[in-house]
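# Remarks on the overall topology
Here's the letter readout for the chains.
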Amino acid sequence: NAGVTQTPKFQVLKTGQSMTLQCAQDMNHEYMSWYRQDPGMGLRLIHYSVGAGITDQGEVPNGYNVSRSTTEDFPLRLLSAAPSQTSVYFCASRNRHTEAFFGQGTRLTVV
Amino acid sequence: AQKITQTQPGMFVQEKEAVTLDCTYDTSDPSYGLFWYKQPSSGEMIFLIYQGSYDQQNATEGRYSLNFQKARKSANLVISASQLGDSAMYFCAMREGSYTGGFKTIFGAGTRLFVKA
């Protein structure tokens, strides 16, 4: 009964480093999304996908890449980390007319 | 462009009283869904309630109800008989349909609720 699994839970990066945040869901959901949560700003949509092979930009896509090669996985790549990307990152999945199910979040610090 | 607005950064309520958390939205899509989520201090996101744009009646789930006023584009969350465990951050969210081609879900900035004993 895993639901949405995000790894890692915590990460510290140096400016300029790259990394991938992993997200996997076992509910056969069509839709997957990445959000970042900053204090006082709620959750802002980074990228989302409506199915395998289909991705689109959200509200704050700059500095992030995604791909969706399978229904289950939706990794988020930071190409060159910046201090402005320090945040808590949430992955979510859902079907077309259901609520979103969220992972536990990844707390990323860029120094 | 779609938009979600929560104008109350923080709210206080006495235990056992009701509280209303405000949410207004803006969309040109005739088909959309409205959600409320709770985020306790532990950080997880908990789904509370859903209202579809074509639903005729306001949604209810236990102590939660959604006051949906379509013409005013508002979707306020009402929590009845507040409990200390209701102290948390609350987010309103909107999912658009196919009209604008997105199917994406966006969130408001949130309201932090404090329940006083």
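This one's a predicted model, so the numbers in the text were calculated from it and none came from an experiment. (Residues numbered from 1 in each chain as written. Chains lettered and ligands numbered in written order. Predicted model: local features only at pLDDT ≥ 70, side-chain atom pairs only at ≥ 80, totals over all residues. Heavy atoms only, no water.)

With that out of the way, let us pick up the pattern of salt bridges. All names here are of chain A. Per the counting criterion, the structure on display carries four salt bridges over all chains. Across the salt bridge formed by Asp38 and Arg36, the nearest N and O atoms sit 3.0 Å from each other. With respect to burial, Asp38 and Arg36 carry one shared label: buried. A salt bridge links Asp38 to Arg44, with the nearest nitrogen and oxygen atoms 2.7 Å apart. Judged by relative accessible area, Asp38 falls into the buried class, the value being 10%. Within the structure, one salt-bridge network assembled from shared partners comprises Arg36, Asp38 and Arg44. (Salt bridge = Lys/Arg side-chain N within 4 Å of Asp/Glu carboxyl O. Buried < 20%, exposed > 50% of the residue type's maximum accessible area, 1.4 Å probe, protein only.)

It is worth spelling out the sheet that holds strand β8 (residues 76–78) of chain A at this point. Residue and element names in this part refer to chain A. Taken together, the four strands give an open sheet; going across it, the order is β1-β3-β8-β7, and neighbouring strands pair in antiparallel fashion. With one partner strand each, in any of the chains shown, β1 (4–7) and β7 (64–66) form the two edges of the open sheet. Geometrically, the sheet is characterised by an average inter-axis angle of 20 degrees between neighbouring strands, direction not taken into account. As judged from the three bridges shared by β7 and β8, these two strands associate in the antiparallel manner. Pairing of Tyr64 across the sheet is with Leu78, part of β8. (Pairing = 2+ DSSP bridges. Helix = DSSP H or I, 4+ residues; strand = E, 2+ residues; numbered from the N terminus. Axes fitted to C-alpha atoms, helices over the stretch in contact; angles between N-to-C directions.)

Any functional reading would require information beyond the geometric quantities listed.
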